[in-house]
Structure formats: structure tokens, C-alpha cells
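# Reading the structure
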Amino acid sequence: MFGSRAYAYEIYVLVDGRWRLDKRLEGDAKMTQHANEQMEKSAIAQANALLNMGDFAAVKVMRSRERSDGFGTQSEIFNKTASAKPKAMTTRPFKGVFPVCETLYDFARRPAAKGFSAVFREFLDKQNATSIEMLHSPQHQRKLNDMSNFMRAGLYALAGAQTQPNLPSQGERSKKLEALFDKLIQRTRDAMAEKNLPAFENNDFARLYERLAARMKDDELRFTYFFQVTKVTQSMSSYAARLDIVLADMIDRPMNGNGALLDELAASCLDSTSLIQDLLGSRPGLSEALIALADLSAGKLQMPAKPDIVLEKLNRVLGEGRLPCCVDTLWERILSNLNSKALLSKNEPRKEWQMSRALNQKLMAVVPESYKESIEHAGRMRIERARNMEN
């Protein structure tokens, strides 16, 4: 089907009765058939995500094929019309503490990125994007900026999660975040205009980092590294695919200074609930799922007879202690679920108190020191709720 031709995919959106080019994915003749098939799937998935935003009447994907002699053809491979305007997206609360960001670069650091990941989760899932990609991709930034009310509501929510002492009002904090986001958008535009930047090729994170480190450092290095990586990862079909290339690189190549950045890339993938569910598979109840997350965080999750390849890699690298941000992400998820009012087992509500005690003991046996106090408190509160429910 693909042969030795170079393939490209153009995604169009229908706005006010006219087709507008939204994005172009380009390949080359050296790409394998599998790589071209994945690029086609990604183009269709991104078109569906655009339609689900509710801002466009229809979407379509055009596939171009060009031979080495210059002869080319173009055909429409996907066309879908919005059947009804979907429910407007809403922001979600962030239960952590959002950092006081002084520069646009502070937005890209993990403490802020996980806030964006929580508040804009619905947007990210519909765009098939991570928080790092949203913060380093002009494409995602433009879409979010077009949804001005939604974007401002999210930034206002993040401002409300700034609980440090002696801060100005939430409204003032929100305006500051909006101004920083505008600067971030301008920075990504400037990066798009930069010429001769080292490219992220063959999923070789270490090589990209080495080449960038020879030209820049500190905030500029960090931003440009994520910016170049995002150009490739934002076209991938799933969070699992992104996580896989990060873990494969950590296993197969020396880190040469970029291990902490890879940890953040992996953590931004694990922010996705759907990815966690896919990795863990079906579990009898919430208790078993939380124990599995705790075991995974320590790299001690028992693998099934036919383990998921990505889960196996993740378990290995976590066990080597090389993913501290991912450990935090998993334990924050555990803590959030422990604090929730969801029953540990929907089938046996009368055993809630007994199961809560057993869960608390298992979690306390493996919890990192930094989470011990909060997990212990959440466990006691859950046990107390279960006791009151039985009475």
C-alpha cells in the first residue's frame, strides 16, 4: 500500500462554510509501512479530536503521495460531519498547590505542568495531548486561546490553587497567569521561527539534549528541548506510545544529563487516567487498583503471564529509582482516590471497614516517607467513614 513513496496528511476543519487547513503531518520515503500507518491513524485521531471540540461543522483528512520522480496524487481518506454540538468542555479542580510562577519558563516545570494537566484534563484528552505538549505546541496553544472563556476559567482555577501566604487577590493572580500564558505563546512562535535547531530524530532524546546543550543552557535549553520533542510526540496515536519511547530510551541509552526531563515527560503521560486504566487492566475493585499502583511505584508490581510491554518497562525503570516524578504522580493518584468517597468494593459494601483497614496496612508498608503522613491521615479518615457507614 505505501511502497517507497513519501506520504503526507493534511487535516482540514470546516469553518463558516469554508475549509481551513489546521495541520499537516509529513513523512518521507524512508519511513516504514508501519510508521506510515501510524501517522495515518494519528491524523484521523486528531481530526476526530478537533470535531469533538464542538467548534467546527466538519473535518476531513487528505492523503498525499509523492514518488521520487515528483509524480504525486492526493485523495480524501476521512470526512466527518458534526452530528450535534457536544457539551461544552469544563475545567476540573486542582487539589494541589499551584506554584507562584514568575516567568513563562516556570509554566513548563512539573509543579505547574501537573496543575495544567488536572484543570485542562478534558481538553488534553480530546486533543490527545500531554500538558508538556500543550505548553510547548503552538497548535494546542492556539486552540486553547481560541476558547478564551474556557482558558480563562482554567487559569482562574489555577490561581485559586495558589495558597502561599501574602499573595494578592485571586483575580490579580489570574491576570498574572494570563499574561505569562501570552508570553509563553509568543515564545513558542519565536521558537517556530528559529532556524537550524537540532531535530529530535529516531526517538534519541540523549542526542537531542547533547546537541542543544552545546548551544544553550538552563531555561532556554529546557524549553527548546521540550519544544523539539513535542513536534514529534504530539503526532503519536496514544499516551502509551509516548511513554514507550521515553522508557525505551532510558533503558537502551545513557541519559547524559536528560534523565530528569525524561522523567517529567513520562509523568505527563501518567497524568492520564485512561493510560493508567489501560496499563493496569481490569481490577476487581478500587482497593486492588490502589495496591497495584503502590506496587508499581516501587517497581514491584507482579507481571501477568503475558505482560503489557509498556507496563513491564515502566515497572523496571521505577524499580531502578529513576522516575521520582512518576512516583509522585502515582502516589498523588493513590491519595486522591483514598480521600474520595468511592467504595473500595461495590459488590461487598458491608466489608468496607475491614477492607479499608487492610488497604491502609498495605499502603503504609510501601509508601515513600514524603507521603507517609498524608496517606496515614487519609487512611484513618476512610476507616472512620466506613465505621460510621456500618453503624
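As a reminder, the structure under discussion sits directly above these lines.
Owing to the predicted nature of the structure, the values given are computational and were not obtained by experimental measurement. (Residues numbered from 1 in each chain as written. Predicted model: local features only at pLDDT ≥ 70, side-chain atom pairs only at ≥ 80, totals over all residues. Heavy atoms only, no water.)

## Some thoughts on the side chain of glutamine 127
Along the chain, glutamine 127 turns up in helix α3 (residues 121-127). With residues up to four places along the chain from it excluded, the contact list for glutamine 127 reads Ala49, Met53, His140 and Lys143. (Helix = DSSP H or I, 4+ residues; strand = E, 2+ residues; numbered from the N terminus. Contact = heavy atoms within 4.5 Å.)

## A word on helix α12 (residues 273-280)
If you check which residues of α12 are buried, you get Leu275, Ile276, Leu279 and Leu280. Down the axis of α12, the buried side of the element spans an arc of 120 degrees, and every buried residue falls inside it. Away from the buried face of α12 by more than 90 degrees, exposed residues Gln277 and Asp278 are located. Where the residues of α12 are buried, they touch α10 (239-252), α11 (259-270), α13 (286-297), α14 (309-319) and α15 (324-339). Glycine 281 occupies a position one or two residues after α12 and carries a positive phi of about 75 degrees. (Buried < 20%, exposed > 50% of the residue type's maximum accessible area, 1.4 Å probe, protein only. Arc of directions from axis to C-beta.)

## Quick notes on empty space enclosed by the protein
Across all of its chains, the model carries one cavity of 30 Å³ or more by this definition. Approximately 70 Å³ is the volume attributed to the largest cavity. Surrounding the largest cavity, Thr130, Glu133, Phe205, Val229, Thr233, Arg242, Val246, Leu265, Ser268 and Cys269 form its lining. Of all the secondary structure elements, the ones that give two or more residues to the lining of the largest cavity are α9 (218-233), α10 and α11. Residue contributions to the lining of the largest cavity peak at three residues, all from α11. Tallied by class, the residues present in the lining of the largest cavity amount to five nonpolar, three polar and two charged. (1 Å grid on protein atoms, 1.4 Å probe; cavity = no way out; pocket = protein on both sides within 12 Å on 5 of 7 lines; lining within 4 Å. Points joined across faces, edges and corners; volume = space filled by probe spheres on them. Nonpolar A, V, L, I, M, F, W, Y, C, P; charged D, E, K, R; others polar.)

## A word on the sheet that holds strand β2 (residues 18-26)
Read across the open sheet, the four strands follow the order β2-β1-β3-β4; overall the sheet is antiparallel. Looking at which strands have only one partner, the edges of the open sheet turn out to be β2 and β4 (72-81). Taken pair by pair, the neighbouring strands of this sheet meet at an average axis angle of 20 degrees, ignoring direction. Where strand β1 (residues 6-15) lies against β2, eight bridges are found, and the strand directions are antiparallel. Directly across from tyrosine 12, in β2, lies its bridge partner leucine 21. Along the sheet, helix α1 (residues 33-52) contacts β1, β2, β3 (58-66) and β4; its crossing angle with β1, the most-contacted strand, is approximately 5 degrees. (Pairing = 2+ DSSP bridges. Axes fitted to C-alpha atoms, helices over the stretch in contact; angles between N-to-C directions.)

## Describing the pairing of β4
Bridging between β3 and β4 involves nine bridges; their strand directions are antiparallel. Each bridged residue has a counterpart across the sheet, and for serine 64 the counterpart in β4 is glutamine 74. Taking the residues between adjacent antiparallel strands as the criterion, β3 and β4 are bridged by five residues, where glycine 70 takes a positive phi near 95 degrees.

## Focus: the packing of aromatic side chains
All chains considered together, the criterion is met by ten aromatic pairs. Judged by centre distance (5.9 Å) and plane angle (75 degrees), the ring pair of phenylalanine 98 and phenylalanine 116 falls under edge-to-face. Residue phenylalanine 98 is located in the loop between β4 and α2 (110-119), and its partner phenylalanine 116 is located in helix α2; the two are separated by 18 residues in the primary sequence. Since its relative accessible area comes to 0%, phenylalanine 98 is described here as buried. Aromatic side chains tyrosine 225 and phenylalanine 226 sit 5.7 Å apart centroid to centroid with 65 degrees between the ring planes, which places their arrangement in the edge-to-face category. On the basis of relative accessibility, which here comes to 0%, the residue tyrosine 225 falls in the buried class. Among the aromatic residues, ring-to-ring pairing joins Phe98, Phe107, Phe116, Phe120, Phe123 and Phe150 into one connected group. The ring of tyrosine 12 has lysine 60 sitting right over it, with the charged end atom 5.5 Å from the ring centre. Over the ring of tryptophan 19 we find lysine 60, and its NZ or CZ is 4.5 Å from the ring centre. (Phe/Tyr/Trp six-rings, centres within 6.5 Å; stacked < 30°, edge-to-face > 60°. Lys NZ or Arg CZ within 6 Å of the ring centre and 35° of its normal.)

## Here's the deal with unusual backbone geometry
The phi torsion at asparagine 128 lies on the positive side, around 55 degrees, for a residue other than glycine. As for its position among the elements, asparagine 128 is in the loop between α3 and α4 (131-136). Note on asparagine 128: relative accessible area 13%, which makes it buried. A positive phi angle, near 55 degrees, is found at aspartate 218, a position not held by glycine.

## A word on the nonpolar core
With 109 residues, the main nonpolar core has Phe123, Tyr225 and Leu243 as its most contacted residues. Tallying contributions element by element places α15 first for this core, with eight residues. If we skip the residues at most four places from it in the chain, leucine 243 touches Ala266, Cys269, Leu270, Leu275, Leu279, Val310 and Leu314. (Core = buried A, V, L, I, M, F, W, Y, C linked by side-chain atoms within 4.5 Å.)

## As for the pattern of salt bridges
Side-chain pairs of opposite charge can arise whenever the charged atoms involved come near each other. If you walk through the whole model with that rule in mind, you get 27 salt bridges. The closest approach of N and O atoms between arginine 253 and aspartate 249, which form a salt bridge, is 2.2 Å. Arginine 253 gets classed as partly exposed once you look at its relative accessible area, which sits at 29%. Residue class for aspartate 249 comes out buried when judged on its relative accessible area of 2%. Ionic pairing is found between glutamate 320 and arginine 316, a salt bridge with its closest N-O pair at 3.3 Å. A residue is classified by how much of its surface remains accessible, and arginine 316, at 46% relative accessible area, is partly exposed. Connected through salt bridges with shared partners, the residues Glu10, Arg24 and Glu26 form a single ionic network. (Salt bridge = Lys/Arg side-chain N within 4 Å of Asp/Glu carboxyl O.)

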